[in-house]
Amino acid sequence: MFNRYTLWAFASIFYAYQYILRVLPNAINSEIVNKFNMGATELGQFSGIYYLGYVLAHIPIGIMLDKLSSRIVLSLMCTLTCLGTASLVFSDHYIIAILGRFLVGVGSSAAIIGLFKITRESFEENKYSTFMGIAVTIGLSGAIFGGLPLEMLLKSFGWQKSVLILIGIGIFTSICILIFAGGNKNTQAISNIQIFSKDIFHPALITISILAGLMVGPLEGFADVWSKRFLQEVYSLPPENASFIASQIFIGMCFGASILGYLARFISAPVIVILSGIIMTGAFGLSLSGSISPTTIIPLFISLGAFSAYQVVAISYAVTKVPASRAGVASSVANMIIMAFGYVFHTVIGYAHDYSSKITNNPKEQYLISMGIIPIALTIAVSGFIVIYLRDKHKLSVK
């Protein structure tokens, strides 16, 4: 009893910790740009490489979790995130920073995969949703810490000492997982990997996942890295206020995960995803106007976060397109495709920001141009989901 709760608790803490590291570039944007002599393109690559590592590690880490003790894997991966983050302090080379960020993504991938596995194996089915909900809330608290609290830490100790403090917290967490968390017996091992099965690469599964990926811009493209500087440049906000307002996106997601999950019991998944896309497009479009008050931005960002939780509904919908026996691997494939768009958005935004500097010297206009990619992608995704919804509805009416 004690062992399973401690393992779940430390896995949840690791999930929160990796979220802090995930949004860290948003807090120390200017500092790392200066240290590693980055332009917007390089910053986009640096930020996006996290998602590349995150995605590529999914299947290998899933295999490791099935064949080894979860506490050993989580402890190792937590240490890996610390090692990757250390490159920001102990190196002056951009390539080393890129490699470090990639390692942070690899290690972070284990947090959510391990959490799903540990929760499923440790608790009864009727308690699974409850404990996963609590774990996600704990995880998002890490993202919220990456706002104003982290800004205060940076102001008190400076960015390099603050990063060292975060590394120390990670190492401590890794040791605690290894020593205090109980081991869990693996109930099954992977005998063969049917990743290339025609069921897994079903066209509908891939199409839905790609469209859902086009909708991650507000969360993985904007909130993770660009939101603070956007608010500073476009709305002339001081760093503390910008960090606080940016963190409202993650606060909104805390509510949205539960609300959209509940609504999915009464409203079809594509309708929820379409409505989420429309609301996010409107909210983000208003923030791009550059003329609304900071107090108005807060509810807009909360809305962005709340409806960014569409991902859970979209993945569930995508998985219905394959046989139930393939649901586990299919959900991993869907999540991998969606998360890969984090890399796409950061890269494209970075290129767009550098390109916009050839059009205008005004930083505000540069951010408005580069961030305009997000509502365009949302519009394409919503249009695609409307087509899928109408097609599904037509098939049902024919039957």
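Here, residues in each chain are numbered from 1, in the same order as that chain's written sequence. Local features in a predicted model are, by the rule used here, given only for residues with pLDDT of at least 70; side-chain atom pairs are given and counted only at 80 or more, and totals for whole chains, interfaces and linings are based on all residues. Side-chain measures were taken over the full set of non-hydrogen atoms in the model, leaving aside hydrogen atoms and water.

Caption draft 1: Geometry of the packing of helix H12 (residues 227-235) against helix H19 (residues 363-371). For the pair H12 and H19, the least separation of the axes is 8 Å and the interaxial angle reads 130°. Compared by their axis directions, H12 and H19 come out oblique. For the pair H12 and H19, the sense of crossing is left-handed. Where H12 approaches H19, its residues Arg 229, Phe 230, Glu 233 and Val 234 are matched on the opposing element by Pro 363, Lys 364, Tyr 367, Leu 368 and Met 371. Fitted lines through C-alpha atoms give the axes, limited to the stretch in contact for helices. The angle between two N-to-C directions lies from 0 to 180 degrees. Where helices and strands are cited, they refer to DSSP runs of H or I of at least four residues and of E of at least two residues respectively, numbered from the N terminus. Geometric relationships in this document are graded by angle, where less than 35 degrees denotes roughly parallel, more than 145 denotes roughly antiparallel, 65 to 115 denotes roughly perpendicular, and other angles denote oblique. Throughout, a crossing is termed right-handed when the near helix is turned clockwise from the far one, and left-handed when it is turned anticlockwise from it by less than a right angle. The contact criterion used is simple: two residues touch if any of their non-hydrogen atoms lie within 4.5 Å.

Caption draft 2: Inspection of helix H14 (residues 248-263) at higher detail. Over its 16 residues, H14 runs 22 Å from end to end, which matches the ideal 22 Å to within 8%, given 1.5 Å per residue. The sharpest bend along H14 reaches about 30° and sits at Gly 256. A 1.4 Å probe rolled over the protein chains alone gives each residue an accessible area, and that area as a share of the maximum for its type sets the label: buried under 20%, exposed over 50%, partly exposed in between. For H14, every residue scored as buried is listed here: Gln 248, Ile 249, Phe 250, Gly 252, Met 253, Gly 256 and Leu 260. For a helix, the expected span equals 1.5 Å multiplied by the residue count minus one. Bend angle per residue: angle between axes fitted to the 7 residues ending at that residue and the 7 residues starting there.

Caption draft 3: Broad picture of the packing of aromatic side chains. Only centres within 6.5 Å qualify two rings of Phe, Tyr or Trp (six-membered ring in Trp) as a pair; their planes then separate them into stacked at under 30 degrees, edge-to-face at over 60, and tilted for everything else. Applying the stated criterion across every chain, the model contains eight aromatic pairs. Taking 5.7 Å as the distance between ring centres and 85° as the angle between the ring planes, the aromatic pair formed by Phe 222 and Phe 301 counts as edge-to-face. A residue pair is termed long-range when its members are at least 10 positions apart, and Phe 222 in helix H11 (residues 217-223) and Phe 301 in helix H16 (residues 294-308) qualify at 79 residues. Residue Phe 222 is classed as buried on the basis of its relative accessible area of 0%.

Caption draft 4: A look at the side chain of Thr 360. With respect to the helices, strands and loops of the structure, Thr 360 is situated in the loop between helix H18 (327-356) and H19. Relative accessible area serves as the criterion here: at 11%, Thr 360 is assigned to the buried category. Between N or O atoms, a polar contact is any pair within 3.5 Å; within protein, one atom must be a potential hydrogen donor and the other a potential acceptor, and residues adjacent in sequence are included only when both atoms are from side chains. Polar contacts involving the side chain of Thr 360 include one to the side chain of Glu 365, which spans 2.7 Å.

Caption draft 5: Here's a closer look at the side chain of Ser 174. Relative to the assigned elements, Ser 174 resides in helix H9 (residues 159-180). Among the polar contacts listed, one links the side chain of Ser 174 to the backbone oxygen of Ser 75, at a separation of 2.8 Å. Excluding residues within four positions of it along the chain, Ser 174 makes contact with Ser 75, Cys 78 and Thr 79.

Caption draft 6: A look at the state of the cysteines. Here, the term disulfide refers to a pair of cysteine sulfur atoms separated by no more than 2.5 Å. Tallied over the entire structure, the rule returns zero disulfides. The thiol of Cys 78 is unpaired, and the distance to the nearest cysteine sulfur, on Cys 82, comes to 4.9 Å. Residue Cys 78 is classed as buried on the basis of its relative accessible area of 0%. Lacking any disulfide linkage, Cys 176 is separated from the closest cysteine sulfur, that of Cys 78, by 9.7 Å. Judged by its relative accessible area of 8%, Cys 176 falls in the buried class.

Caption draft 7: Molecular detail of the environment of Ser 291. With respect to the helices, strands and loops of the structure, Ser 291 is situated in the loop between helix H15 (269-287) and H16. Taking the C-alpha atoms as reference points, Ser 291 and Tyr 235, separated by 56 residues in sequence, lie 7.8 Å from one another.

Caption draft 8: Region of interest: a nonpolar patch on the surface. Judged by side-chain polarity, Ile 72, Ile 171, Ile 175, Leu 178, Ile 179 and Phe 180 come together as a nonpolar surface patch covering roughly 570 Å² of accessible area. Looking at which element gives the most residues to the nonpolar patch, the answer is H9, with five residues. Position of Ile 72 relative to the elements: it lies in helix H5 (residues 70-90). The class for Ile 72 is partly exposed, based on a relative accessible area of 43%. Think of a patch as exposed residues, more than 30% relative accessible area, with no salt bridge, where like charges cluster within 9 Å and nonpolar side chains (Val, Leu, Ile, Met, Phe, Trp, Tyr) cluster within 5 Å. For the area figures, the Shrake-Rupley method with a 1.4 Å probe applies, and any residue is considered shielded solely by the protein chains shown. A carboxyl oxygen of Asp or Glu within 4 Å of a side-chain nitrogen of Lys or Arg is what we treat as a salt bridge.

Caption draft 9: Region of the structure containing the pattern of salt bridges. For the structure on display, the rule yields five salt bridges. The partner of Asp 224 in a salt bridge is Arg 22, and the shortest N-O contact between them spans 3.0 Å. With a gap of 202 residues between them, Asp 224 in the loop between H11 and H12 and Arg 22 in helix H1 (residues 2-27) connect regions that are remote in the sequence. You can call Arg 22 buried: its relative accessible area is 6%. In this structure, Lys 228 and Glu 151 form a salt bridge, with 2.8 Å as the shortest nitrogen-oxygen distance. With Lys 228 in helix H12 and Glu 151 in helix H8 (residues 148-157), this pair connects stretches of sequence that are 77 residues apart. Like Lys 228, the residue Glu 151 is buried in the burial classification.

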